[in-house]
Amino acid sequence: MEEITKPVEIAPGVYWIGFYDPEAGFHCNPYLLVDKDEAVLFDAGTKPHLSHIVRKILDVINPQKITYIVLHHQDPDLCAAVPDLELICNPQVKLVCAWRAGVLIAYYGTKSEFYYVDRNNYKLTLQSGRTLRFIPTPFCHAPGSIVTFDEQTGVLFSSDLFGAFSYDWSLYAGPYYMEAMKAFHEPYMASHEILKRNIERIEKYPVRMIAPQHGSILKDDKVQEAFEVLKNLECGDVFIPIPEEV
Amino acid sequence: MDAYRELIELLLKRELGILGRERTEKLIEGLDIKFDFDTQTLINYTGDGKALLEVLGHRIQQVGGEIALMGAKISLILRAWKLKLELPPIFAS
């Protein structure tokens, strides 16, 4: 197993800064992207693990270099601790999200200015010229859900997509990961049609690695395999058991 | 083996992903189920398939709670519907 008590560099300048709880079946994966004198946090507002996340950020860089916090949707598992993170990041830090997510993220009591991707051509150019592309993935699972593609490394920060339920967690996906991934998507994504449409939009990009917010990181041939599994997965509301009398 | 073969195999494959190999091996301890963990194939079982599913469901709930159970439920419901089989209560609601 990887040494995971420290930040793990999963691609050049891209770090996993999460926390592993052996008793949990559901893990959150925050990431940090360092680009010269600037840094970007992804989905790092996991309140119960905040101290671990901050410590790992400090192991890599001065948090004042963090100029953007990307929030792929508005859920508490990635947003609840954003007001705490704002205190240690650059005073000019911006919260990057879709407008529809931003409306709700503000209710966590955030103070920073928003950078709405849907009002900025779905891209963000860093000081170095490096471009992050944002791909809308509406209703997978929230209306304002997005994912991020880093052109330089080919890493897709995929938020809930490609995530998994797993008590048998490892940083990189193991031989049984596809089943764990199905287990997460079946009750969580709105419908087969919506999921398929969003995966087809994502797979047009030259993705080399998938870094989901839950579950494990996918690389090599597992990237294409995961695209195929999710495009063909039957899921969503019609399969949720609801008693007839309700 | 009876008509529930496909459902038991599906459940064990799914729990390999969620619970991992070691915990899934323990799930079938004491039950007359032979499962090849390398090929993820159900080789054989004896007894009432529906009753075995019920026992497995309760063991899964005990080991992994609602997350582990929910992770298999939709697939089981869908497959059972296609096969026109009734699921035990733990998976049916």
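Residues numbered from 1 in each chain as written. Chains lettered and ligands numbered in written order. Predicted model: local features only at pLDDT ≥ 70, side-chain atom pairs only at ≥ 80, totals over all residues. Heavy atoms only, no water.

*Asks:* Tell me about the state of the cysteines, and please be specific about residues and values.
*Replies:* Residue and element names in this part refer to chain A. Under the criterion given, the structure shown has zero disulfides over all chains. Of all cysteine sulfurs in the structure, the one in C79 sits closest to C28, which takes part in no disulfide; the separation is 11 Å. A relative accessible area of 8% places C28 in the buried class. Of the cysteine sulfurs around C140, a residue in no disulfide, the closest is that of C235, at 7.5 Å. Note on C140: relative accessible area 4%, which makes it buried. (Disulfide = S-S within 2.5 Å. Buried < 20%, exposed > 50% of the residue type's maximum accessible area, 1.4 Å probe, protein only.)

*Asks:* Go over the side chain of S145 of chain A with me, naming the residues and quoting the values.
*Replies:* Residue and element names in this part refer to chain A. Looking at the element boundaries, S145 is found in the loop between β9 (131-136) and β10 (146-150). Accessibility expressed as a relative area gives 3% for S145, which makes it buried. Polar contacts involving the side chain of S145 include one to the main-chain amide nitrogen of A142, which spans 2.9 Å. Those residues in contact with S145, other than ones at most four positions away along the chain, are H72, H73, I135, P136, T137, P138 and C140. (Helix = DSSP H or I, 4+ residues; strand = E, 2+ residues; numbered from the N terminus. Polar contact = N/O pair within 3.5 Å; in protein donor to acceptor, adjacent residues only side chain to side chain. Contact = heavy atoms within 4.5 Å.)

*Asks:* Break down the nonpolar core for me, citing the residues and quoting the values.
*Replies:* Among the nonpolar cores identified, the biggest contains 36 residues, and L7, I8, L11, L12, I33, L56 and L87 of chain B are the most heavily contacted of them. For this core, the secondary-structure elements that each account for two or more residues are α5 (177-185) of chain A together with α1 (5-19), β1 (33-36), β2 (41-45), α3 (49-83) and α4 (89-92) of chain B. At ten residues, the largest contribution of residues to this core is made by α3 of chain B. If you look at the next biggest cluster of nonpolar residues, it comprises 29 residues, including V14, F42, L124 and L126 of chain A. (Core = buried A, V, L, I, M, F, W, Y, C linked by side-chain atoms within 4.5 Å.)

*Asks:* Before we move on, could you go through the packing of α5 of chain A against α1 of chain B and cite the residues and values that matter?
*Replies:* The contact between α5 of chain A and α1 of chain B brings their axes to 7 Å, and the two run at 90°. Relative to α1 of chain B, the element α5 of chain A is oriented roughly perpendicular. For the pair α5 of chain A and α1 of chain B, the contacting residues are E179, A180, K182 and A183 of chain A in the first and K13, R14, G17 and I18 of chain B in the second. Within the contact of α5 of chain A with α1 of chain B, the residues separate by chemical class into three nonpolar, one polar and four charged. (Axes fitted to C-alpha atoms, helices over the stretch in contact; angles between N-to-C directions. Parallel < 35°, antiparallel > 145°, perpendicular 65-115°, else oblique. Nonpolar A, V, L, I, M, F, W, Y, C, P; charged D, E, K, R; others polar.)

*Asks:* Tell me what's going on with the pairing of strand β12 (residues 209-212) of chain A, and back it up with residues and numbers.
*Replies:* All names here are of chain A. Residue alternation in β12 divides its side chains into two sets, M209 and A211 and I210 and P212, and both sets are buried. Strand direction decides the pairing type here: strand β11 (residues 155-159) and β12, joined by four bridges, are parallel. By the bridge assignment, F157 is partnered in β12 with A211. Direction of pairing for β12 relative to strand β13 (residues 218-219): antiparallel, over a ladder of two bridges. Looking at β13, one finds that I210 is bridged to L218. (Pairing = 2+ DSSP bridges.)

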